[in-house]
Amino acid sequence: MATAASSGGHQYVSVKLESPRLAALDLAPHLFGSHPVAGSWDPSKALPMERAADAIWELSCVLPSRHETMDFKLVLKQKADSSQCIVEEGPNRPLGCGSNEVEMTDAVFKLNEKDALECKVWVETEMLSPFDLAASWKAHQENLQPSRVRGTYDVVMDVTESRPKNDFASGLELDLEKYVVPTTPSMGSGVYAANLTENPRSLLNTGMSSNNDTTLGILHNLVKGDASPDHYANTKKDVDGRHAPQQEGHRVVFVDRGVGSPRFARPKNETISTSNIKQDCEAKVGMPAAEGAVAAAAVADQMYGPKEDRKLAIVLVGLPARGKTFTAAKLTRYLRWLGHETKHFNVGKYRRLKHGTNQTADFFRGDNKEGVEARNEVAALAMEDMLSWMEEGGQVGICDATNSTRNRRNMLMKMAEGKCKIIFVETICNDQDVLERNIRLKVQQSPDYAEQTDFEAGVRDFKERLAYYEKVYEPVEEGSYIKMIDMVSGNGGQLQINNISGYLPGRIVFFLVNCHLTPRPILLTRHGESLDNVGGRIGGDSSLSEAGQIYSRKLASFVEKRLKSERTASIWTSTLQRTILTAHPIIGFPKIQWRALDEINAGVCDGMTYDEVKKNKPEDYESRRKDKLRYRYPRGESYLDVIQRLEPVIIELERQRSPVVVIAHQAVLRSLYAYFADKPLEEVPKIEIPLHTIIEIKMGVTGVEEKRYKLMDAVNPTAGI
């Protein structure tokens, strides 16, 4: 087993102090110690901690990756008289350069001879990438270097000195809501997440297809613990839900479009036959052929990997209200965006369709034989549908349910034998505040309580259901698994992995370790109109037109108003000057340049108009018209290439806990927007990303919301790349 941890970079240190009595005593906590944590052992020069909540104060800083061990202590000062100091009792607190961890201790302050104040203290250390440094820039401005317009690095950080107000006159009205434009709902916000999952075709197509004597008999015996679930491993369903003979020889190459090192293990009983390898760029079930190591890895995996390893079942495990459906939905969206055929099967949706939505908590009792049998039945139906879909060409299926007993999980593993590889993803949450919020949100949104008029009665019923699950819950200890422990709160947590290998499982682990529920907005906008936009030319690196310069000032005013209370927000641009010039008027926030955000490389067509391409390169023009997603400019890129290089940007956006403004280009923003909106890859080149419009995406526990602000019309609107 391994525990995921970061390494390299700088060390982020956060010190939090909690005391309900502190405010009433009119005391303010401070920190002092050896340089550079606080700078001095003189209590009069101690650094004040900022109030983060009613009873919590915090101070954070960033240290070099190689620093000597340092000590610090906490001190309380009267707000009216800062010369009076109360230093905490006990020895100094050491601060080394260890790996990511959170340490909780007590701090005791002797107020007088009879009264002592006890406080809880958390010291969190985390190794940061340069991107995280940008988010905490105010604590370490001296560590950052000015950026260059055309730097040679993948990421360049630029920190400008903040000023009290924006000096550019933009004519932007104070009420930002006046600039909101109507949008068609596309992100499922406000919709119960389970309702957006795969429809139960085994129930919809054939009625109650599993109510046959054989299936019910096996499920009945399984509840007693003396059944063999091999029946599910040896049968599959055809398209209309009926059992059909298993077919062999249907093989498809799935190209993982990312740089990785898959582990190849040639089975002893399988011979290599290149005749079984078929790459078809037009097939919907496979991705177009990639180049270099990525394509080689896909072919090698097809030739050497066991058959079941080419199909992957992600089986969620966890008590109710632990964020399973949220995790499954995010993972589904991520894998689809990367080009993997992925579907999300929610067992609760099957249960509601088969048994109705008016089940009380008694239905979920562990000693309710009929209830257990009914729940195992719908779990088997969902698994059967998923396996049938995989036989038709699906690659990754996500089974979303509690799966809280070994008996249930053993049934699923038996069904998957020889057909796919199973990885359990267990979500564990011990934060009572998070659980209470999730429970109330679930009662508010779940169809199970749609007819419940008394909200609090619904909450009590759900908590009773939860208690029944807790009595029989058995943590995952078998097979390949990923445990997400207290990660949903966004305050750290731990991720444990066991028996995980291979490229795609590795990408899934990397994605999950960076996910959290912290609400924050992400603002997407194209650069201001450029001179090449005016001339209708592809690509290039031109400066802004007069209209583009006006937009840059309006954008600066918008960011100042929209993010005025967000001290850790950051501005991301490409390395092309039209995005850098658009961001230039924005002050008070760090600016990060990404080469990954550069516009799609038009190769030999760069700088040409579409009319010139049609005249001088008619074959390329026609190829692009037929398949804009897969068409690759000669010596340039395709949309699929752009998506591949944007994966680190998506991971970093998922990891960020602060607002981010992304100023980029049309093809790049189409690709990023497609991820958040869960758009099919075929639709990416058609997504509308107009000039001089801001797309605000809000990420949080309720899903993804979208709002658009149109600050001004484009003088010379073009179709773009």
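For the structure itself, look to the data block above.
Residues numbered from 1 in each chain as written. Predicted model: local features only at pLDDT ≥ 70, side-chain atom pairs only at ≥ 80, totals over all residues. Heavy atoms only, no water.

> Mind laying out the overall build of the chain, listing which residues take part and the relevant values?
A count of helical and extended segments in the chain gives 19 helices and 27 strands. By the burial criterion, 52% of the 721 residues in the chain qualify as buried. For the chain, restricting intrachain contacts to residue pairs at least 6 apart in sequence, the fraction spanning at least 24 positions comes to 73%. With the model as given, the accessible surface of the chain reaches about 32,400 Å², and the carbon-plus-sulfur share is 48%. (Helix = DSSP H or I, 4+ residues; strand = E, 2+ residues; numbered from the N terminus. Buried < 20%, exposed > 50% of the residue type's maximum accessible area, 1.4 Å probe, protein only. Contact = heavy atoms within 4.5 Å. Areas by Shrake-Rupley, 256 points an atom, 1.4 Å probe, with all protein chains shown as cover.)

> Report on the packing of aromatic side chains, specifying residues and quantitative values.
One pass over the structure, following the stated rule, counts 11 aromatic pairs. Relative to Phe462, the ring of Tyr449 has its centre 6.4 Å away and its plane inclined at 65°; by these criteria the two rings are edge-to-face. Separated by 13 residues along the polypeptide, Tyr449 in the loop between α10 (432-445) and α11 (455-472) and Phe462 in helix α11 bring together distant segments of the chain. Of the two residues, Tyr449 and Phe462, both sit in the buried class. Through pairs of rings, three or more aromatic residues link up here, namely Trp337, Tyr675 and Phe676. Taking NZ or CZ as reference, Arg333 lies 4.7 Å from the ring centre of Tyr675, over its face. Note that Arg708 overlies the ring of Tyr673, its terminal NZ or CZ placed 5.4 Å from the centroid. (Phe/Tyr/Trp six-rings, centres within 6.5 Å; stacked < 30°, edge-to-face > 60°. Lys NZ or Arg CZ within 6 Å of the ring centre and 35° of its normal.)

> How would you sum up helix α18 (residues 639-655)? Please name residues and give values.
With 17 residues, α18 should cover 24 Å at 1.5 Å per step; its first-to-last C-alpha distance of 24 Å lies within 8% of that length. Leu646 marks the point of greatest bend in α18, at about 40°, and the proline Pro648 comes within the next four residues. Of all 17 residues that make up α18, 15 are buried, and the element is covered over most of its length. (Expected span 1.5 Å × (residues − 1). Bend = angle between axes of the 7 residues up to and from the residue.)

> Please provide a residue-by-residue account of the pattern of salt bridges, values included.
Any two side chains of opposite charge can pair if their charged atoms end up close together. For the structure on display, the rule yields 32 salt bridges. Arg93 is paired through a salt bridge with Glu88; the nearest N and O atoms lie 3.0 Å apart. Arg630 is the partner of Glu682 in a salt bridge, and the nearest nitrogen-oxygen pair spans 2.9 Å. Separated by 52 residues along the polypeptide, Glu682 in the loop between α19 (666-677) and β26 (693-700) and Arg630 in the loop between α17 (618-626) and α18 bring together distant segments of the chain. Using a relative accessible area of 42% as the deciding quantity, one classes Glu682 as partly exposed. Given a relative accessible area of 22%, Arg630 falls into the partly exposed group. Through salt bridges with shared partners, a single ionic network connects Arg351, Arg352, Asp448 and Arg465. (Salt bridge = Lys/Arg side-chain N within 4 Å of Asp/Glu carboxyl O.)

> Give me the side chain of Arg408: which residues, what numbers.
Within the secondary structure, Arg408 sits in helix α9 (residues 406-416). Buried and unpaired, Arg408 has Asp400 as its nearest opposite-charge partner, separated by 9.6 Å. From its side chain, Arg408 meets the backbone oxygen of Arg375 in a polar contact 3.4 Å long. Not counting chain neighbours up to four residues away, the residues in contact with Arg408 comprise Arg375, Asn376, Ala379, Ala401 and Asn403. (Lys, Arg positive; Asp, Glu negative; His and termini not counted. Polar contact = N/O pair within 3.5 Å; in protein donor to acceptor, adjacent residues only side chain to side chain.)

> Give a description of α9 that names residues and reports values.
Here α9 has its buried residues at Arg408, Arg409, Met411, Leu412, Met415 and Ala416. For α9, the angular spread of buried residues about the axis comes to 155°, placing them on one side. Gly418 occupies a position one or two residues after α9 and carries a positive phi of about 75°. (Arc of directions from axis to C-beta.)

> How would you sum up the nonpolar core? Please name residues and give values.
One recurring pattern in soluble globular proteins is that nonpolar side chains are buried together. Grouped together as the largest cluster of nonpolar side chains are 69 residues, with contacts concentrated most on Ile314, Ile482 and Val662. Excluding residues within four positions of it along the chain, Ile314 makes contact with Leu331, Val396, Gly397, Ile398, Cys399, Ile423, Val425 and Ile508. (Core = buried A, V, L, I, M, F, W, Y, C linked by side-chain atoms within 4.5 Å.)

> Which residues make up the packing of α10 against α11, and what are the values?
Two elements in contact, α10 and α11, have axes whose closest approach is 9 Å; the angle formed by their N-to-C orientations is 115°. Crossing of α10 against α11: the hand is right-handed. Residue-level inspection shows Glu436, Ile439, Arg440, Lys442, Val443 and Gln444 of α10 in contact with α11, the latter providing Phe455, Glu456, Gly458, Val459, Phe462, Lys463 and Leu466. Counted by class, the contact of α10 with α11 contains six nonpolar, two polar and five charged residues. (Axes fitted to C-alpha atoms, helices over the stretch in contact; angles between N-to-C directions. Left-handed = near helix turned anticlockwise from the far one by under 90°. Nonpolar A, V, L, I, M, F, W, Y, C, P; charged D, E, K, R; others polar.)

> With reference to specific residues and values, describe the pairing of strand β20 (residues 480-485).
Within β20, six of the six residues are buried, which leaves the element mostly enclosed by the surrounding structure. Side chains Ser480, Ile482 and Met484 of β20 all project onto a buried face; the interleaved residues Tyr481, Lys483 and Ile485 project onto the opposite face, where all are buried too. Sheet analysis places strand β19 (residues 421-428) next to β20, joined by six bridges and oriented parallel. In the strand pairing of β20, Val425 is matched with Ile482. Relative to strand β21 (residues 494-498), β20 is paired through five bridges, and the arrangement is antiparallel. The residue bridging Lys483 from the neighbouring strand is Gln496, located in β21. (Pairing = 2+ DSSP bridges.)

> Tell me what's going on with the packing of α18 against α19, and back it up with residues and numbers.
The geometry of α18 relative to α19 is characterised by a closest axis approach of 9 Å and an angle of 60° between their N-to-C directions. The pairing of α18 with α19 is recorded here as oblique in orientation. Note that α18 runs across α19; the crossing there is right-handed. Contact with α18, carried on its side by Tyr639, Val642, Ile643, Arg645, Leu646, Val649, Ile650, Leu653 and Glu654, involves Ala667, Val668, Arg670, Ser671, Leu672, Tyr675 and Phe676 of α19 and no other residues of that element. (Parallel < 35°, antiparallel > 145°, perpendicular 65-115°, else oblique.)

> Hey, could you go over the pairing of strand β17 (residues 342-346) for me, with residue numbers and the actual values?
Counting buried positions over the five residues of β17 gives four, a clear majority of the element. Relative to strand β18 (residues 396-400), β17 runs parallel, the two being bridged by five bridges. In the strand pairing of β18, His344 is matched with Ile398.

> I'd like to hear about the environment of Ser570, residue by residue, with values.
Mapped onto the elements, Ser570 comes out in strand β23 (residues 570-573). Note on Ser570: relative accessible area 1%, which makes it buried. Aside from chain neighbours lying at most four places away, what touches Ser570 is Pro590, Pro659, Val660 and Val661. Within the structure, the side chain of Ser570 is placed 3.2 Å from the side chain of Trp572, a separation counted as a polar contact.

> Please set out the environment of Gln656 residue by residue, giving values where relevant.
Turning to its location among the elements, Gln656 is positioned in the loop between α18 and β25 (660-664). By relative accessible area, Gln656 is classed as buried at 4%. Separated by 136 residues in sequence, Gln656 and Arg520 have C-alpha atoms that sit 8.5 Å apart.

> Got a sec to walk through unusual backbone geometry? Specific residues and values, please.
Within the chain, Asp26 stands out as a residue other than glycine whose phi angle is a positive 60°. Looking at the element boundaries, Asp26 is found in the loop between β2 (10-18) and β3 (27-33). If you check the backbone angles, Asp678 has positive phi at about 55° while not being a glycine. Structurally, the position occupied by Asp678 is in the loop between α19 and β26. Note on Asp678: relative accessible area 30%, which makes it partly exposed.

> Outline the side chain of Arg645, supporting the account with residue identities and numerical values.
On the secondary structure map, Arg645 appears in helix α18. There is a polar contact of 3.2 Å between the side chain of Arg645 and the backbone oxygen of Glu599. Looking at Arg645, its side chain comes within polar contact range of the side chain of Glu637, at 2.9 Å. Apart from residues no more than four positions distant in its own chain, Arg645 is found in contact with Arg595, Ala596, Leu597, Asp598, Glu599, Ile600, Asn601, Glu637 and Val668.

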